[in-house]
Amino acid sequence: MTIRGQIVGLAYSDRDLAEILRRAGIEESVAEDMVAGDSQMIEWRGGRAHHYEAA
């Protein structure tokens, strides 16, 4: 996962993604809403949203 061009971690689930966002300074409830609500701020690459598997 990258934030503003900087690698900040790997997410293997939506829970991981929310945790990475929280560590980046986004309030926990907002991070969870962003992940669950398919926020325009999250760009999914290499697969469909919320689908985690090895490339």
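Before reading on, note that the structure itself is shown above.
This one's a predicted model, so the numbers in the text were calculated from it and none came from an experiment. For every chain, the first residue of the written sequence is number 1, and numbering continues from 1 onward in sequence order. For a predicted model such as this one, the threshold for reporting local features is a pLDDT of at least 70, and the threshold for listing and counting side-chain atom pairs is 80 or more; totals across whole chains, interfaces and linings nevertheless cover every residue. As a rule here, side-chain values come from all non-hydrogen atoms in the structure, and water together with hydrogens is ignored.

For the rest of this paragraph, the subject is the pattern of salt bridges. Each salt bridge in this description consists of a side-chain nitrogen of Lys or Arg and a carboxyl oxygen of Asp or Glu lying within 4 Å of one another. Applying the stated rule across the entire model yields 3 salt bridges. With a shortest N-O distance of 2.9 Å, Arg-23 and Glu-19 are connected by a salt bridge. In this pair, Arg-23 and Glu-19 are both assigned in helix α1 (residues 14-23), 4 residues apart and thus about one turn of the helix distant. For every residue, the accessible area (1.4 Å probe, protein chains only) is compared with the maximum for its type, and the residue is labelled buried under 20%, exposed over 50%, or partly exposed between those bounds. A relative accessible area of 67% means that Arg-23 is categorised as exposed. Given the relative accessible area of 27%, Glu-19 is considered partly exposed. Several salt bridges converge on common partners, so that one network encompasses Glu-19, Arg-22 and Arg-23. Strands here mean DSSP runs of E at least two residues long; helices mean DSSP runs of H or I at least four residues long; both are numbered from the N terminus.

Think of it this way: a Phe, Tyr or Trp ring, Trp meaning its six-membered ring, pairs with another when their centres are within 6.5 Å, and the plane angle makes it stacked under 30 degrees, edge-to-face over 60, tilted otherwise. Per the counting criterion, the structure on display carries 1 aromatic pair. Centroid distance Trp-44 to Tyr-52: 6.1 Å. Interplanar angle 75 degrees. Geometry classified as edge-to-face. Residue Trp-44 is classed as partly exposed on the basis of its relative accessible area of 27%. Owing to a relative accessible area of 27%, Tyr-52 belongs among the partly exposed residues under this scheme.

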